[in-house]
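# What the coordinates show
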Amino acid sequence: MPDTWLLRSSSAVINLLTRLAPAWRREDWRREWLGELHFRASRLAAHGRLTPAAQVRLFLRCASAWFHVLWLWNHEWSLDLLTQDIRYGARMLRRRPTLSLIAVTTLALGIGATTALFSGVHAVLLKPLPYPDPERLVRIYTLDMRPGQGDVGNLSVPDAADFERRNRSFDAFGAFNYGGYFTLTGTGEPERLPRLLVTSGYFRALGAQLTLGRLFTPDEDRPSPPSVVVISHGFWQRRFSGDPSVIGKAITLSGGPATIVGVLASGFVHPDPKIERAPDVFALLDPDPEVSGRGGRYVRGIGRMKANVTREVAEADLRSIAAALEKDYPKSNTGQSSVVQPLRETITGDVQKPLILLQAATLGILLIVCANLANLLLGAGTGRINELEIRAALGATRVRIIRQLLTESLLLAIAGGALGTLIAWGGTAWLSNAASRTLLARQAIAIDPMVLAFAAALSIGAGVVFGLTPALLIARTAHDSTARSSRRSTEGPGGVRLRSLLIVGEVAISVAVLVGALLLLRSFQQLTAVNPGFHPEQIVSFQLAIQLDKHPEGTEAAFYENLYGRLRTLPGVQSVGGINILPLSGSYSCDGLQIVGRPVAEGQGPCAEARSVSADYFTTMGIPLIKGRGFALADDERAARTIVINDALARKFFPGEEPLGQRILYSSRGQNDAREIVGVVGDVHHFALDRQPVPEFYVPQPQPPSYHAMTIVMRVDGDAAALLPAVRAEVRAAEPDAPVYNVRTMSGLVADSIADARFRTRLLSLFAALALVLAIVGTYGVISIAVARRMREMGVRVALGATASDVTRLVVSQGIRPVLAGTLLGLAIGLVAARAFVTLLFNVRPADPLTFAAVAVTILTAGLVASWLPARRAGRVDPAIALRAE
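The notes below deal with the structure included here. (Residues numbered from 1 in each chain as written. Predicted model: local features only at pLDDT ≥ 70, side-chain atom pairs only at ≥ 80, totals over all residues. Heavy atoms only, no water.)

Put simply, helix α6 (residues 157-166) and helix α9 (residues 311-328) touch, their axes get as near as 10 Å, and they point 130° apart. The angle between the axes of α6 and α9 places the two elements in the oblique class. In the packing of α6 onto α9, the handedness of the crossing is right-handed. Along its contact with α6, which presents Asp 159, Asp 162, Phe 163 and Arg 166, the element α9 presents Leu 318, Ile 321, Ala 322, Ala 324, Leu 325 and Asp 328. Along the lines of polarity and charge, the residues of the contact of α6 with α9 split into six nonpolar, no polar and four charged. (Axes fitted to C-alpha atoms, helices over the stretch in contact; angles between N-to-C directions. Helix = DSSP H or I, 4+ residues; strand = E, 2+ residues; numbered from the N terminus. Parallel < 35°, antiparallel > 145°, perpendicular 65-115°, else oblique. Left-handed = near helix turned anticlockwise from the far one by under 90°. Contact = heavy atoms within 4.5 Å. Nonpolar A, V, L, I, M, F, W, Y, C, P; charged D, E, K, R; others polar.)

Laid out in structure tokens, this is it:
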């Protein structure tokens, strides 16, 4: 590699150290050591190359040399001298137990909170993905380049096959699709197994390892692939007790036979921690005949780039292929390009900003702690001036005194770091529980060696931050002959300015954290006030899937209607309904439709989300009927085709006109029926509460398309959990091989949908409250110390005629100035940070005036209180006592 910044900077450091070497004692061996180091660096510079290993070694040697300069300048290094400093520092800390306890406790809180959150940041954002060479893994998306579009979406099966065949940038290219569930029968209790449909390139791209058997082969990537499956290690252990003879065994999945050909290694995970259950079964991707054309984009692409290929090169390669496909298939691929995104970004994109925001808040709290401790050490240094003057008179240099004081600060920091690590150990468990239902909770959050190294570095860094400046000021005062003769204090002009700057800094940090917390709190309040479109109270839901071999297509509705009737007879059940996709559970795709009488070009018509529901679904869920009617039992397979639309679809496609009676042509599963709109219902949030409802339409469950898997909802009186055994019994009576799964209450589903927002709001609010308390305590402490040192001045003022209110006003005005400056600075920082994290806000502007005004009033009020308490004490001073004390 060419001459690097490290080589240049290291050579400069070595040259400087060589010139400084004569100032050291025992300079001969130091000169020799530095000279040899300088000679090696010069040779490396002459050759113009430096290997990474050599860079690291050179950097460590230079760091060691700088340690000698800063720590042992003009002193003889020895282990005895260091031990002496530590012992003396420990004795001094024992003599001041109150100061030591306060310092260690506050440090432990700051370091513990920062380390605990870093364990989550490390697990999610920093720890390498569990795949070989994870930096070469990318996700591939389709980019719609047509005017007014710009959407990023999935691939079609034929396009994915062309990308795999034609690319020159990937060692492996695969596709996958979330295929729902398999129902395992024939081997004990029926079980619902999450599945993933993949091509053979999926496992090759991820570098999957096996415990037994084999993976899929490229020859098996074809329409109607063989019925072979690969199972996860956990499923193999749970269901088959780790039996090695499972390879080649036939099992029944959703009524069809399948042969197990492989068992994945225990460390393999699907690269999408957002899904609630990891896949147990991996099957070959069989193109859906209804949407397998190039316009049916429902699979995800994943690839492993070649070793010397960058993301930009790979993206350019795929875009050239997309351009060729656009020429070959203009009907489906016009304006379709490709986007390549690193796999880590696709996994952590939603949580990266929240975690960075929370980590910044904890670091801010630690800085406030350091500012308070710096003020505390400055105050404590006043009582040690006599001791330090004596040491200076006996020959102790300023550097020697600084080193001693810094050693004491580092001892406090190490003790605080050790206690903080214990707090972080317990904090990780609390963090996992508090982050329930979020991506953070699905990671292995732990105090591993990397986190321990972070805590150690944080402790030492904090010790230097809060200890170095007070040590410099105190050492200078101890060596200042003017200070020794005139005052026993570290409170010179430099100390006053330092205290004011520390107050400004900690107030600014607390204001910025408060702004973020209040913005998130207001955003969360707006989010919880959103009407989901239904009444979730007293509704319990569960999913059910029946076997195709027992219930051929067209007969599912009769089975479900019989089951609905059974469930209605249970005590406490008010009504029962069913839907293929539950609200707040996402969707599959936007289905194309055509409004009769409005001809459009093929593929250019409107689209909407399709739902299949039972007759009583709207009543059970409490979805309001705006106009027309809902479905009835008479809307069966023999009746005229009907459809109910939501209000969003009516507003978008029928503005200013009556939608009832209009006919919509909806093509599904080979049928192209014109359906009459018979009703309009309220909008329901099917994706998330912070996303606007999209156009949706509902078809009656007995009419095509029909579904074998449905979600059943029941509105009940009393405890839903007590009703579940009876529900399972009715399901087993109707269909013994149909497992009941994903049992949940709708209230719980609504709460889970905002779990991320709730977690970050609660955590940042906790940090903001802690920052506010620390800032108030720090301000109060600084002003109290200043008042105590100015008692003689206050006595003189009172003796000359100043009233108590005059003295109080003087102290408050001087104390509130840095608070005001810190507030203004913090508001500016908060405004910049809020704009950077605007995507985390819902219905709240980053520059929300109410939020900023509330924070400013809160901080200034707290600053006034913190200033007034010491000021009142100053106003009551007895001048005779104050002057006599001096």
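Picking up where we left off.
Turning our attention to the nonpolar core. In a soluble, globular protein the nonpolar side chains are often hidden away together inside. Counting residues in hydrophobic clusters, the biggest one holds 62 residues, and the most contacted among them are Leu 107, Phe 466, Leu 764 and Ile 859. Breaking this core down by element, the ones donating at least two residues are α5 (97-126), α11 (343-382), α13 (398-434), α14 (449-479), α16 (493-528), α22 (755-789), α24 (804-836) and α25 (849-875). In terms of residue count, α11 provides more of this core than any other element does, 14 residues in total. Residues in contact with Phe 466, not counting those within four places in the same chain, are Leu 107, Cys 370, Leu 373, Ala 374, Leu 377, Ser 409, Leu 412 and Ala 413. Grouped together as the second largest cluster of nonpolar side chains are 38 residues, Leu 155, Phe 163, Val 299 and Val 340 included. (Core = buried A, V, L, I, M, F, W, Y, C linked by side-chain atoms within 4.5 Å. Buried < 20%, exposed > 50% of the residue type's maximum accessible area, 1.4 Å probe, protein only.)

In this section: the side chain of Glu 315. Inspection of the secondary structure assignment puts Glu 315 in helix α9. Among buried charged residues, Glu 315 stands out as having no salt bridge; its nearest opposite-charge side chain is Arg 319, 4.1 Å away. Beyond its immediate stretch of four places on either side in the chain, Glu 315 contacts Ser 338, Val 339 and Val 340. (Lys, Arg positive; Asp, Glu negative; His and termini not counted. Salt bridge = Lys/Arg side-chain N within 4 Å of Asp/Glu carboxyl O.)

This structure, assessed with the given rule, holds four cavities of 30 Å³ or more. Considering only enclosed or pocket space, the largest cavity measures out at about 130 Å³ in volume. Taken together, 15 residues line the largest cavity, and the ones lying closest to its centre are Leu 377, Arg 384, Leu 405, Glu 408 and Ile 474. Of all the secondary-structure elements, those providing two or more residues to the lining of the largest cavity are α11, α13 and α14. Within the lining of the largest cavity, the residues separate by chemical class into nine nonpolar, three polar and three charged. What the second largest cavity holds in volume is close to 60 Å³. (1 Å grid on protein atoms, 1.4 Å probe; cavity = no way out; pocket = protein on both sides within 12 Å on 5 of 7 lines; lining within 4 Å. Points joined across faces, edges and corners; volume = space filled by probe spheres on them.)

Geometry only, nothing functional implied.
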